[in-house]
Amino acid sequence: MSATGTVSEPSLGMDSFDSFEDTLRRLREAFKAGQTRPVEFRVAQLQGLGHFLGANKQLLQDALAEDLGKSPFESDISEIILCQNEVDLAIKSLQTWMKDEPVATNLLTKLSSAFIRKEPFGLVIIIAPWNYPLNLMIMPLVGAIAAGNCVLLKPSEISKNTEKLAELLPQYLDQSCFAVVLGGPEETGQLLEHKFDYIFFTGSPRVGKIVMAAAAKHLTPITLELGGKNPCYVDDSCDPQTVANRVAWFRYFNAGQTCVAPDYILCSQEMQERLLPALQSAILRFYGDDPKTSPNLGRIINQKHFKRLQGLLGCGRVAIGGQSEESERYIAPTVLVDVQETDPVMQEEIFGPILPLLTVKNLEEAIDFINRREKPLALYAFSNNSRVNQVLDCTSSGGFGGNDGFLYLTLSAMPLGGI
């Protein structure tokens, strides 16, 4: 989702964004001088990134706990370990990735040799979100470093504790080639007025449009990793408890603030009646009798998003959960039923621990429902027969998980890591 909030002072000792040109100039000169091209340099920077993760592990865990209420285990599996694995993979594979790839010649080029050589873009800006503030900052940074780019890194100002730790990053990297800059939406807009050679943005479609418009002014290539409403179709042939366990685990992980998590369920009325007690059982298993005291349930990032989510609890009817406490930014794992397609909860990505159930008569109606909405980032389908393939064949999405509510989290690491 988008980054809006308080404005922090820029890092690297910059008094104002007027001096941003000096930082840009320094990074461009380093790239033009060829500093980032040797494999030895890239490996050294990746190793420095690994040192940052290792040396600051406890500080990172504490920051993620303050920002999002993540337990050390959640911070490790969804942020720190994934980043370290990406660093290790890049170091192990870098020589192979950098090799020229020979290609076949045709009649016109028969007397020549032809090959593909991978070249870095140049100066890259990475604009990170707040929901996985370390993961979605470091993963694209690994890809940018491995490809031989200079990088300007813009962490989210909303996850303010993790943002502060991002200021430490240049100490572990070559500061002539890498910089971190802090600030809010206004400062980010000022950054994007400058020409970059590549933009990597993770956030909401609304802000993605603004970033893409800024990139178009300079014809800058761009990656937009955006959110959306991810449907989950459940066929009558499924075991409801298996579905509930898999969907609930991923839906409520990080307090539902995951862009590829199932956003709503489509199922028959009969399956809904079987799913509700199964979801209640799964929530009890994962978070106990009082989810508020569970170390495994995170918190909403700030008061603004808490208020937004609290408003969505009025849609349809609360079948499970629904409790909230503003002072702790706590919303219980919630299931809504009797939800209409026109309700506010179905008009935007929920990005919280709320799961609406909508009933459909059959698979064809579910497919029609999915296809008349915006293309989802992820799509899930549960079935014990070949009908699950029909969902995949008749719809379009960024990624598909069949009989698994967690599969796409693994797949999503590939574009984010730039591999």
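The following paragraphs examine the structure supplied in this document. What you see is a predicted model; the values in this text were computed from it and never measured. (Residues numbered from 1 in each chain as written. Predicted model: local features only at pLDDT ≥ 70, side-chain atom pairs only at ≥ 80, totals over all residues. Heavy atoms only, no water.)

1. Thoughts on the overall build of the chain
Here is step 1: When helices and strands are tallied, the chain shows 14 helices and 16 strands.
Here is step 2: Against the compact-globule benchmark of 22 Å for 419 residues, the chain has a radius of gyration of 23 Å, which places it among compact chains.
Here is step 3: Expressed as lengths along the three principal axes of its C-alpha atoms, the size of the chain is roughly 65 × 60 × 35 Å.
Here is step 4: Buried residues in the chain amount to 55% of all 419 residues.
Here is step 5: In the chain, 72% of the contacts between residues at least 6 apart in sequence involve partners at least 24 apart.
Here is step 6: Carbon together with sulfur atoms contributes 54% to the accessible area of the chain, which is approximately 18,100 Å² in total.
Here is step 7: The average position of the 37 basic charges and that of the 49 acidic charges among the side chains of the chain differ by 4 Å. (Helix = DSSP H or I, 4+ residues; strand = E, 2+ residues; numbered from the N terminus. Rg over C-alpha atoms; globule rule 2.2 N^0.38 Å. Buried < 20%, exposed > 50% of the residue type's maximum accessible area, 1.4 Å probe, protein only. Contact = heavy atoms within 4.5 Å. Areas by Shrake-Rupley, 256 points an atom, 1.4 Å probe, with all protein chains shown as cover. Lys, Arg positive; Asp, Glu negative; His and termini not counted. Charge placed at Lys NZ, Arg CZ, Asp CG, Glu CD.)

2. A few points about the sheet that holds strand E8 (residues 231–234)
Backbone-to-backbone hydrogen bonds join strands into a sheet, with any given pair of strands oriented parallel or antiparallel.
Here is step 1: Read across the sheet, seven strands follow the order E10-E13-E14-E9-E8-E15-E16 without closing on themselves; strand pairing throughout is mixed. Unpaired on one side and paired on the other, strand E10 (317–320) and strand E16 (400–402) mark the two borders of the sheet. Adjacent strand axes in the sheet meet at a mean angle of 25° when their direction is disregarded.
Here is step 2: Here strand E15 (residues 379–382) pairs with E16 via three bridges, running parallel. For Tyr380, the partnering residue across the bridge sits in E16 and is Gly401.
Here is step 3: Most of the contacts of helix H13 (residues 387–394) go to E16, to which it runs at about 170°, and overall it touches E8, E15 and E16. (Pairing = 2+ DSSP bridges. Axes fitted to C-alpha atoms, helices over the stretch in contact; angles between N-to-C directions.)

3. So, the packing of helix H4 (residues 72–98) against helix H5 (residues 135–146)
Here is step 1: At a minimum axis distance of 9 Å, the contact between H4 and H5 shows a crossing angle of 10°. Between H4 and H5, the crossing angle belongs to the class labelled roughly parallel. Contact residues: Ser78, Glu79, Leu82, Cys83, Glu86, Val87, Ala90, Leu94 and Trp97 in H4; Asn135, Ile138, Met139, Val142 and Ala146 in H5.
Here is step 2: Residue composition of the contact of H4 with H5, by class: 10 nonpolar, two polar and two charged. (Parallel < 35°, antiparallel > 145°, perpendicular 65-115°, else oblique. Nonpolar A, V, L, I, M, F, W, Y, C, P; charged D, E, K, R; others polar.)

4. Description of the pairing of strand E6 (residues 198–203)
Here is step 1: Most of E6 sits out of view: six of its six residues are buried.
Here is step 2: Here E6 shows a buried face lined by Tyr198, Phe200 and Thr202 and a second buried face lined by Ile199, Phe201 and Gly203.
Here is step 3: As defined by bridge partners, strand E3 (residues 123–127) adjoins E6 across four bridges and the pair is classed as parallel. Each residue of the ladder has a partner; that of Ile126, found in E6, is Phe200.
Here is step 4: As for the winding sense of the linkage, the β-α-β connection from E6 through helix H8 (residues 205–217) to strand E7 (residues 222–226) is right-handed. (Right-handed = clockwise from strand over helix to strand, strands pointing away.)

5. With respect to the nonpolar core
Here is step 1: Counting residues in hydrophobic clusters, the biggest one holds 59 residues, and the most contacted among them are Leu134, Ile138, Leu141, Leu152 and Leu169.
Here is step 2: Looking at this core, the element that brings in the most residues is H5, giving eight residues.
Here is step 3: Core analysis: the next-biggest nonpolar cluster, separate from the first, contains 38 residues, Ile158, Tyr252, Ile283 and Phe382 among them. (Core = buried A, V, L, I, M, F, W, Y, C linked by side-chain atoms within 4.5 Å.)

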